[in-house]
Amino acid sequence: MRWHCKKSGFLHEIKKNRVLYLMAVPGMLVTFLMSYIPMSGIILAFKNYRYDMGIFGSPWAANFGFDNFRFFFISGSGFRVSVNTILYNLLNTAVSQVLSITVALLLCEMKKKWFKRVSQSVIFLPYFISWTIVGAFVYNMFDSRKGWFNHMLTALGGEPVDMYLIPWVWVIVICFFNAWKWVGYGSVIYIAAIMGIDVECYEAANLDGASVTQKIRYITLPGIKNTIVIILLLNLGRILRGDFQMFYQIIGNNGQLFRMTDVIDTFVFRSLINSADLSMTAAAAFYQSFFCFIIIVTVNSLIKRFEPDYALF
Amino acid sequence: MKASFKTMVALFALTAATFTLASCGGSGQSPSAGEASQSQASAEAPSASGTPADGIDISENVTVEWYILGAPDPDWDAMMAEFNKLTNEVLNCNVNVTWIDFGNFLTQYPLLLASGENVDLCFQAVWMNFQSEAAKGAFYPIEDIAPIYAPTAYGWLPEEGIKNLSVNGRLYGLTGDNINRELMGYIVRGDLMKKYGIETIDSYKDLENFMQAVVDNDPQIIPLDQGGDGGLFIQMPQNLGLFSVAMYNFPLVVNLESEKEGEIVNLYEFPGTLEYFEMMRDWCSRGFWSKSALSDPPSATYRILTGEVAVEAHSQYSWIDRYLVAPKEYDLQYFPGQPHAYMDSYAQSVAAIGAGSKNPERSLMIYEKIATDERYFNLLHFGIEGKNYEFTENGELNPLDVTLFNPEACSFAWMTKWKAFERDLIGSPPSKAAVWSYVESIAAPNRYKMFSFNSEPVKNEFAAITNTIEEYAKPLQVGLVADPEAGLKTLNEQLYVAGLEKVWAEMQKQIDAYNAEYDS
């Protein structure tokens, strides 16, 4: 929705829609309190934080305040984990979104109500399982001595495999569990979008003798295209953030696998766990936020240029 | 102690903390330098007006907040009620204890201290970054008030101890007079040794034979508990004549046998290290521990207690701890794995007062009571007499049910160990006396036990090296790297890339300064 008001119309605009604005006030206040005021803490990334001097009283870090960022780059690992994080996010977003859309389409086509409800609940269930538990599942599957995967292999006459020594396997494992956990949640959004499509379109299509696949292709997918773009954009906004819980619980501190499974969040955790330096942690968080910001602004302006209707802002 | 690193939510907690802190920083919750010196001035006031013995003002009833490590036993609250009766009567105050569990101390303690929370007393230790936290202003300096409010607890400290507990010339903690001599070794299932006819474990060769026997005879048991927390590697540097002054697997160590006093060397380039890693590779491929050892989830209890493993590599104190709660038929034995027993640092377990403390004096007075009055000591360490423990005729301690109150597992014992009140445990292993006297016989001085490396000047390189160790050294430690020689080469290359030389120079500088002061 866009409002075209004259410059002098600002007060008029507020007055005209005062009830609407009043309703928005609590949300704006919360955002301001919880998101904007704490942003001043970013300054911590450029300070040598001392507890007794407070955030603003602590001395500035060396190298014009950028000293806290150095650990990230000196070993060359910063680049590697950034690339890993981006690739994982792209892969996970692609896989889980495609699956979410498929699930939403299937659920909407189901005719039996009870079956639809049961399936939806079952698919949604993993969302409530914590990564700690998932980590335990994974361990019990792939543990070299007692894991059921190796039991199964040997029972079928194969040789046991030490999954914890083969990095590429874990890309698949992580992608699978990420999708498994998020598909139910993601599909709800698409189901809502599909429900919002005008029923008359389908009725008209039925009269014209359209098949189910034709209806999906020419009515449903174009109808939810907007939602898809928004979800993708929101995911892009988090592209430098690794899901720490997921990576840490599934991989743990297994150095053998880091080459292909290390993301920014796990790297920072591991580097700083022995020094517990809040300034350096803040520096890492700032690095992520800064680049996420740049990426989302860039992508959004590109979209605005080519498909203005789909831009977020 | 189980200084395990089974950390769960740390990064999130830490990043969240930066924001939490950001929001309260403005409102001045963290005590500023000015406030700290003000409250210190008011703390000194009573000492000027009254004599230490009776002139102390305790008219206001307060609750002091203590933070300690671990998890409470079921009878803890009942005991605390008794304890508070005592403190209320004599000192007009209550003690409220908050436990921080072992899995989370590396993340929760810094947050607690950084928040400026009212911490009247907390457990601290050199392995919890006591010195660097102190340097960041986390604690309340007590050199002025400790002699007044805790004369005994302060008075026994030798000059070396005071130095050890001080940072930048200010005293930040106290500790009990019973300092450990921790000696790493092997805690072994005695019943299995008997079964295989193995008498003793004196060397890697003996250990190897025992573990091979386990693999051959009891394949359902994992021979060695070799998780990611250290396992056998903790004792390795000392067996090469080296001594770690940072994390147990940090590359830079002091070469004790060098002609030059305090020479820092790189553990991973030292002769003998490659042979060790090759042995680990051999042991791992023979199934002495799980190939997923690095991903083993932290277990709720020690794996030797559940019969999952046959050997745990740890100290004689851990042995007593395990022995008391392990099934009796396991008959756990202990064999030393290191040539020398060094006295622990005075900062191995410290009672420190938080910078945000509201009642430092009262807190010290209670601490003093524990050191001087057996009633306080017995309650905290052994529980309620008649319910949790009784003394035998010759004064041994008989814990009535260790599942309700375990005297050995209690973390209070760490910062309040007083020789005068310590008791021998009745269900202790028969060989305890022999082990203890053996430890005495190989006791040796080691000045570097008191040295603590301040990583602050090279914190970026330190962090990068920490990461390199996790990625390249740990797989070598547990023998997961197929070619240890190539693996070791990569590790060293990566260490140099991460800035090893810079940290090396800094550590050598600090060690030289330490030695100059020590020898003067």
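Residues numbered from 1 in each chain as written. Chains lettered and ligands numbered in written order. Predicted model: local features only at pLDDT ≥ 70, side-chain atom pairs only at ≥ 80, totals over all residues.

### Concerning the overall build of chain B
Keep this limit in mind: Secondary structure is summarised from DSSP: a helix means a run of H or I of at least four residues, a strand means a run of E of at least two, and numbering begins at the N terminus for each. Counting other C-beta atoms within 10 Å of a residue's C-beta gives its exposure: the residue is buried at 20 or more, exposed at 12 or fewer, and partly exposed in between, where C-beta atoms are placed from the backbone. Note that contacts rest on C-beta atoms placed from the backbone: two residues are in contact if these are within 7 Å.
Within chain B one finds 20 helices and 18 strands. Relative to its 520 residues, chain B shows a buried fraction of 47%. At a minimum sequence separation of 6, the contacts of chain B that also span at least 24 residues come to 77%.

### Points about the overall build of chain A
In plain terms, the rule: Here the globule rule is a power law, 2.2 Å times the number of residues to the power 0.38, and the radius of gyration is based on C-alpha atoms.
When you go through chain A residue by residue, the secondary structure sums to 15 helices and zero strands. Computed over C-alpha atoms, the radius of gyration of chain A comes to 25 Å, more than 25% over the 20 Å expected from 2.2 N^0.38 for 313 residues, which places it beyond the range of a compact globule. For chain A, the spread of C-alpha atoms along the principal axes amounts to about 75 × 70 × 35 Å. Each of the 313 residues in chain A was classed as buried or not, and the buried ones make up 34%.

### A look at the nonpolar core
Residue and element names in this part refer to chain B. As a reminder of what qualifies: By definition, a nonpolar core groups buried Ala, Val, Leu, Ile, Met, Phe, Trp, Tyr and Cys residues that connect through C-beta atoms lying within 7 Å of each other. Throughout, the edges of the domains are those of an automatic or database domain assignment.
Counting 175 residues, the largest nonpolar core has A146, V311 and Y367 as its most contacted members. Residue-level mapping places this core at the junction of two domains, with at least three residues from each of domain 1 (30-179 + 347-382) and domain 2 (185-343 + 449-519). Leaving out residues up to four positions away in the same chain, Y367 has contacts with L121, A150, A153, L174 and A351.

### What to know about the sheet that holds strand 11 (residues 263-266) of chain B
Residue and element names in this part refer to chain B. Defined as follows: Strand pairing requires that DSSP identify at least two bridges connecting the strands. The convention used is that axes are lines fitted to C-alpha atoms, helices contributing only their stretch in contact, and that angles between N-to-C directions extend from 0 to 180 degrees.
Spatial ordering of the open sheet is given by 9-10-11, a layout of three strands whose pairing is antiparallel. On the outer flanks of this sheet lie strand 9 (242-244) and strand 11, each paired with one strand and no other. For this sheet, the mean inter-axis angle between neighbouring strands, taken without regard to orientation, is 45°. Sheet topology places strand 10 (residues 252-255) next to strand 11; four bridges connect them, and they run antiparallel. Residue pairing across strands places N255 opposite E263, the latter belonging to strand 11.

### Some remarks on the interface of chain A and chain B
Heads up, the rule is: Note on residue categories: nonpolar means Ala, Val, Leu, Ile, Met, Phe, Trp, Tyr, Cys or Pro, charged means Asp, Glu, Lys or Arg, and polar means any other residue, Gly included.
Chain A puts 54 residues into the contact, and the matching count from chain B is 58 residues. Counting residues per element, the ones that place at least two in the side of chain A that touches chain B are helix 3 (54-57), helix 4 (70-74), helix 7 (131-142), helix 14 (264-272) and helix 15 (278-306) of chain A. Top contributing element to the side of chain A that touches chain B by residue count: helix 14 of chain A, with seven residues. When grouped by side-chain class, the residues that make up the side of chain A that touches chain B number 25 nonpolar, 19 polar and ten charged.

### As for the sheet that holds strand 6 (residues 173-174) of chain B
Residue and element names in this part refer to chain B. Ordered in space as 2-1-3-15-6, the five strands form an open sheet in which the pairing is mixed. Strands at the two margins of the open sheet, each flanked by one partner only, are strand 2 (93-100) and strand 6. One ladder, built from two bridges, connects strand 1 (residues 62-69) with strand 3 (residues 121-124); its direction is parallel. By the bridge assignment for strand 3, Y67 is matched with C122. The strands that helix 14 (residues 360-372) touches are strand 1, strand 2, strand 3, strand 6 and strand 15 (350-352); relative to strand 1, the one it contacts most, it runs at about 65°.

### Brief notes about unusual backbone geometry
Positive phi values are uncommon outside glycine, yet N63 of chain A reaches one of about 50°. For N63 of chain A, the location among the structural elements is in the loop between helix 3 and helix 4. Phi is positive for N129 of chain B, which is not a glycine, with a value near 65°. The exposure class of N129 of chain B is buried, given the 23 C-beta atoms found within 10 Å.

### Let's talk about the domain arrangement of chain B
All names here are of chain B. Looking at the assigned domains, one finds that chain B contains domain 1 (30-179 + 347-382) and domain 2 (185-343 + 449-519). Look at where the C-alpha atoms of domain 1 and domain 2 centre, and you get two points 33 Å apart. Opposite the nine residues of domain 1 that make contact, domain 2 presents seven residues. Elements represented by at least two residues in the side of domain 1 that touches domain 2 include exactly helix 5 (130-135) and helix 8 (159-165). Broken down by element, the residue count for the side of domain 1 that touches domain 2 peaks at three residues, all from helix 5. When its residues are assigned to classes, the side of domain 1 that touches domain 2 shows four nonpolar, four polar and one charged.

### Remarks on the confidence of the model for chain B
Residues and elements named next belong to chain B. Quick note on the threshold: Each residue gets a pLDDT score, which is the predictor's confidence in that residue and runs from 0 to 100.
Residues of chain B with pLDDT of at least 70 account for 87%, and the chain-wide mean is 84. Predicted confidence for residues 1-53 stays below pLDDT 50, and this span has 90 contacts to residues more than four positions away or in other chains. Interface confidence for the predicted complex, given as ipTM, is 0.83, next to a pTM of 0.78.

### Description of the packing of helix 18 (residues 459-477) of chain B against helix 20 (residues 500-519) of chain B
The angle between the axes and the distance between the axes are what describe a pair of packed helices. Residues and elements named next belong to chain B. Keep this limit in mind: Here is the rule for angles: anything less than 35 degrees is roughly parallel, anything more than 145 is roughly antiparallel, 65 through 115 is roughly perpendicular, and the remaining ranges are oblique. We call a crossing left-handed when the near helix sits turned anticlockwise from the far one by less than a right angle, and right-handed when that turn is clockwise.
Between helix 18 and helix 20, the least distance of the axes is 9 Å, while the angle of their chain directions is 120°. Relative to helix 20, the element helix 18 is oriented oblique. Classified by chirality, the crossing of helix 20 by helix 18 is left-handed. Only L500, K502 and V503 of helix 20 make contact with helix 18, whose side of the interface consists of E461, F462 and I465.

### A word on helix 12 (residues 244-251) of chain A
All names here are of chain A. Burial analysis of helix 12 places seven of its eight residues in the buried class, which makes it a mostly covered element. The complete set of buried residues in helix 12 reads F244, M246, F247, Y248, Q249, I250 and I251. Immediately downstream of helix 12, the backbone of G252 shows phi near 65°, a positive value.

### Focus on the confidence of the model for chain A
Averaged over every residue, the pLDDT of chain A is 89; residues scoring 70 or more account for 97%. Per-element mean pLDDT across chain A ranges from 83 in helix 3 of chain A up to 94 in helix 9 (residues 167-195) of chain A.

### Quick notes on the environment of Y376 of chain B
Residue and element names in this part refer to chain B. Looking at the element boundaries, Y376 is found in helix 15 (residues 374-382). As a C-alpha pair, Y376 and L86 span 290 residues in sequence and 7.8 Å in three-dimensional space. Beyond its immediate sequence surroundings of up to four residues, Y376 is in contact with L86, K369 and I370.

### Observations regarding the packing of helix 5 (residues 77-109) of chain A against helix 9 of chain A
Residues and elements named next belong to chain A. Two elements in contact, helix 5 and helix 9, have axes whose closest approach is 7 Å; the angle formed by their N-to-C orientations is 50°. Classified by the angle their axes make, helix 5 and helix 9 are oblique. Like other packed secondary-structure pairs, helix 5 and helix 9 cross with a definite hand, here right-handed. Residues L91, N92, V95, S96, Q97, L99, S100, I101, V103, A104, L107 and C108 of helix 5 pack against C175, N178, A179, W182, V183, G186, S187, Y190, I191 and I194 of helix 9. Residue composition of the contact of helix 5 with helix 9, by class: 15 nonpolar, seven polar and no charged.

### Section: the pairing of strand 1 of chain B
Residues in a regular strand project their side chains so that they alternate between the two faces of the sheet. Residues and elements named next belong to chain B. Rule in force here: With the strands pointing away from the viewer, any crossover whose connection runs clockwise from the first strand over the helix to the second is right-handed.
Summarising the sheet, strand 1 and strand 2 pair through eight bridges and their orientation is parallel. Directly across from V64, in strand 2, lies its bridge partner V95. With helix 3 (residues 76-91) bridging strand 1 and its parallel neighbour strand 2, the resulting β-α-β unit is right-handed.

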